[in-house]
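# Secondary and tertiary structure notes
As a plain string of letters, each chain reads:
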Protein chains: 2
Amino acid sequence: MSEILENKPAVFSTIADTVCSKLQNAIVEGIIPAGSKISEPALAIEFGISRGPLREALSRLEACNLIERTPNVGARVVSLTPQHLVEIYLIRESLEGLAARMAAENMSDKEINELDELLEKHQQQIKQDQSYYQKEGDMDFHFQIVKGSKNSHLIDMFSNDLYHLIRLYRYQFGMVSNRVQRAFIEHGHIVDAIRQRDGELAQFLMSRHISSSRKNVEKMLDEHLTITD
Amino acid sequence: MSEILENKPAVFSTIADTVCSKLQNAIVEGIIPAGSKISEPALAIEFGISRGPLREALSRLEACNLIERTPNVGARVVSLTPQHLVEIYLIRESLEGLAARMAAENMSDKEINELDELLEKHQQQIKQDQSYYQKEGDMDFHFQIVKGSKNSHLIDMFSNDLYHLIRLYRYQFGMVSNRVQRAFIEHGHIVDAIRQRDGELAQFLMSRHISSSRKNVEKMLDEHLTITD
DNA sequence: TATGTGTTAATTGTCGACAATATTGATGAT
DNA sequence: ATCATCAATATTGTCGACAATTAACACATA
């Protein structure tokens, strides 16, 4: 974990902002490994900044649950447990179900069309390059729905907290899902429900969609654990 | 807003911690009024600390949505809109419904008994001193259910974010609810469902319980708005 | 009077140094 | 050899000062 500071245009005004953003990516992509300790002096030198803005960045990382801090001891990158992953899936079932319902009520026709375009783009990607779709494309879709809910607090929770954690888990566990095709179809049905302004149906479909993912993950974890343990 | 720094035992290790906690209360209770600008130098002097730990405290307040910061400009106490309040109620319907279901699955018998004792304590308070129950007692109950879910991320979301916002709104809008008696009864039914380990019912009852509150709030806001506007 | 501009003042962002706490390693006793 | 104690080291928490940016104000102009 040495070259964290390059690439990414990201034109933020304050140092803490840009460093926070870079650290988010570094953690999510595993460049800074899970469970590893974070040394403030070392990181400050690596970024060529003082510890002031670095600590502010760390505060935000703590807020989005990417690191854990203990007073007078320091910060560690969060280490993920399967149990915690399931917890997050359960929350998503509930919260994104709500998001889908509200999206059906509040999205503009234009936004719904854009959702369609997104799905079409995904279909292309699935044919050529499955890996990208699994890692990021699926997230794009879910994020769009959440934004479509127009519930600012919901959007906030998602983008400051769940979004990064979900990405982290996906990179961490690799999740070469056998559900890619199936998930894509379910996405289509959800958009259909939203277009028909059927909030209840959209909620039900979204909730079940994530629930299926959860059960799939639980199954994979079970199998893996019974092998290794 | 002058004597913010006294009272409350709260033995935290770091200055940022204790100041953050004090500011949370000061904002929630309206000692620092909603929408007001926060001056770092002024607050630092008032607390007798430097701006370093103060800024860390502010970061956390931003994370729990009690203040809003704009780079190079400063921080303001969040100003509440009825619309935003409804957004939060919708999130609670969803999230606390989940919490109730998981509580029915995961709470120990001992914890359920403690819930009962809490309800009994509330009954006393309603008879004598309605105001406390409305402001804090109701919150206690909901918090216990969330904790009972044993879903650490859910607990986290509630205690770092929603909890303070809900208290803030309650202090802000005063909410002399006509639903106190009704709400208390509903709490009882929820506990019954949890004791019977009927997760689905607990979820349904909790969701509807909060939904009723929301509709009540919407009605009151409607009436108030049609008078003032 | 209203509006735009430039200067001053105030506030936020950043830095480096010091104090307080925790970790590490060595030393000695059981 | 194991464990406890203590010194040395490193890390985090806090502070005060400086730099960069924004807000406030006076002044000139239409």
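You'll find the structure just up there.
Residues numbered from 1 in each chain as written. Chains lettered and ligands numbered in written order. Predicted model: local features only at pLDDT ≥ 70, side-chain atom pairs only at ≥ 80, totals over all residues. Heavy atoms only, no water.

### Remarks on the state of the cysteines
Residues and elements named next belong to chain A. For clarity, the threshold we go by: Here, a disulfide means two cysteine sulfur atoms that sit within 2.5 Å of each other. The classification of residues rests on relative accessible area computed with a 1.4 Å probe and restricted to protein chains. Under 20% of the type maximum is buried, over 50% is exposed, and intermediate values are partly exposed.
Following the criterion strictly, the structure yields 0 disulfides over all chains and no others. Its sulfur unpaired, C20 is 5.9 Å from the next cysteine sulfur, which belongs to C64. Residue class for C20 comes out buried when judged on its relative accessible area of 7%.

### With respect to the interface of chain A and chain B
Quick reminder of the rule: The contact criterion used is simple: two residues touch if any of their non-hydrogen atoms lie within 4.5 Å. Note on terms: buried area is the combined drop in 1.4 Å-probe accessible area of two parts once they are placed together, counting the loss on both. The salt bridge definition used is simple: a Lys or Arg side-chain nitrogen within 4 Å of an Asp or Glu carboxyl oxygen. Here a polar contact is taken to be a pair of N or O atoms separated by no more than 3.5 Å, where protein atoms must pair a possible hydrogen donor with a possible acceptor and residues adjacent in sequence count only if both atoms sit in side chains. Put simply, DSSP marks the helices as runs of H or I at least four residues long and the strands as runs of E at least two long, and each gets a number from the N terminus on. All residues other than Ala, Val, Leu, Ile, Met, Phe, Trp, Tyr, Cys, Pro, Asp, Glu, Lys and Arg, Gly among them, are scored as polar; the first ten of these are nonpolar and the last four charged.
The partner chain B presents 29 residues to the 29 residues of chain A that form the contact. Interface area, chain A with chain B, both sides summed: about 2300 Å², of which 54% is carbon and sulfur. On inspection of chain A and its partner chain B, the count reaches 4 salt bridges. A salt bridge links A:E56 to B:R69; its shortest N-O distance comes to 3.1 Å. Our count for the contact surface shared by chain A and chain B stands at 15 residue pairs in polar contact (both at pLDDT 80 or more). At the level of elements, helix 3 (51–63), helix 4 (82–106) and helix 7 (152–173) of chain A are the ones that each hand at least two residues to the side of chain A that touches chain B. Here the side of chain A that touches chain B gets 10 residues from one element, more than from any other, and that element is helix 4 of chain A. Taken together, the residues of the side of chain A that touches chain B sort by class into 12 nonpolar, 8 polar and 9 charged.

### A word on the relation of the copies chain A and chain B
Formally: When the copies are overlaid, the least-squares fit takes in C-alpha atoms only where the residue has pLDDT of at least 70 in both copies.
Once turned by 180° and shifted 0.0 Å along the axis, chain A lies on chain B with an RMSD of 0.0 Å. One copy is carried onto the other by what is essentially a two-fold rotation axis. Counting the interface residues of chain A, we find that 100% of their copies in chain B are interface residues as well, pointing to one common contact surface.

### A short note on helix 7 (residues 152–173) of chain B
All names here are of chain B. To be explicit about the condition: One fewer than the residue count of a helix, multiplied by 1.5 Å, yields its expected span. Bend, in this description, refers to the angle at a residue between axes fitted to the seven residues ending there and the seven starting there.
The terminal C-alpha atoms of helix 7 lie 30 Å apart, and with 22 residues this matches the ideal 32 Å at 1.5 Å per residue to within 8%. At L162, helix 7 shows its largest bend, some 45°. Just downstream of helix 7 lies G174, where phi reads positive at about 75°.

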